[in-house]
Amino acid sequence: MNQAIFAAGCFWGVEYAFLQVPGVTDAESGYIGGHTENPTYEQVCTDKTGHAEAVRVTFDPAQVTYEALVRKFFAVHDPTQLNRQGPDVGSQYRSGIFYLNEEQKEIAEQLKKELQPSFHPKTIATEITAVTPFYKAEEYHQRYFEKHPNAVCHI
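Residues numbered from 1 in each chain as written. Predicted model: local features only at pLDDT ≥ 70, side-chain atom pairs only at ≥ 80, totals over all residues. Heavy atoms only, no water.

Caption draft 1: Spatial organisation of the packing of aromatic side chains. Scanning the entire structure with this criterion turns up six aromatic pairs. Ring centres 5.2 Å apart and planes at 25° place the aromatic pair F6 and F73 in the stacked group. Residue F6 is found in strand β1 (residues 2-8), and its partner F73 is found in helix α3 (residues 66-76); the two are separated by 67 residues along the sequence. The same class applies to F6 and to F73, which are both buried. Ring geometry for F73 versus F74: centroids 5.0 Å apart, planes at 70°, classification edge-to-face. Residue F73 is classed as buried on the basis of its relative accessible area, which comes to 0%. The class of F74 is buried, set by a relative accessible area of 4%. In textbook terms, an aromatic cluster arises when at least three aromatic residues are bridged by ring pairs, as seen for F6, F18, Y66, F73 and F74. (Phe/Tyr/Trp six-rings, centres within 6.5 Å; stacked < 30°, edge-to-face > 60°. Helix = DSSP H or I, 4+ residues; strand = E, 2+ residues; numbered from the N terminus. Buried < 20%, exposed > 50% of the residue type's maximum accessible area, 1.4 Å probe, protein only.)

In structure tokens, the structure reads:
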């Protein structure tokens, strides 16, 4: 199994979207890219920890490629919005790919460049950054849409 980490706004919708992909065996909501150890949701929501709401995707590379997951990432949100997605505003909702190795970095950068013309005249704001500690979000955030089928999310 391999892993990929994506930030694309509210993690509930991102988690759900990736769980629908054949070959994805798990998706966990969490926080990444900040300077506070073991942040809580309440701390991240202050926009002062530096963390993004993110999803750690576990996948079987024999069934789905990292490239296909990056394409899914760009399809499920608006990567041109800086520090927001829909009604959610703040750096915790930024668009980001947190690569785990050089191959992931190269694929992410290549696809960002390839897809940029389709967003013209806007510019893709997605950051492509080396992985930093990922902190799993509180249990009530995990599989949120399975627990709350009437919940609403912008994705």
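Caption draft 2: Up close: the state of the cysteines. Counting across every chain of the model gives zero disulfides. Of the cysteine sulfurs around C45, a residue in no disulfide, the closest is that of C10, at 9.5 Å. (Disulfide = S-S within 2.5 Å.)

Caption draft 3: Region of the structure containing the pattern of salt bridges. According to the stated counting rule, one finds six salt bridges in the structure shown. Bridged by salt links that share partners, the residues E28, R56 and K136 form one connected network. (Salt bridge = Lys/Arg side-chain N within 4 Å of Asp/Glu carboxyl O.)

Caption draft 4: Just the sheet that holds strand β7 (residues 127-130), in detail. Strand order in the open sheet formed by six strands is β7-β6-β1-β3-β2-β8, and the pairing between neighbours is mixed. Two strands lie at the open edges of the sheet, namely β7 and β8 (135-136), each paired on one side alone. Where α3 meets the sheet, it contacts β1, β2 (24-32), β3 (52-59) and β6 (95-99), and its direction lies at approximately 15° from that of β1. Docked against the sheet, helix α4 (residues 102-115) engages β1, β6 and β7, running at close to 150° with respect to β6. (Pairing = 2+ DSSP bridges. Contact = heavy atoms within 4.5 Å. Axes fitted to C-alpha atoms, helices over the stretch in contact; angles between N-to-C directions.)

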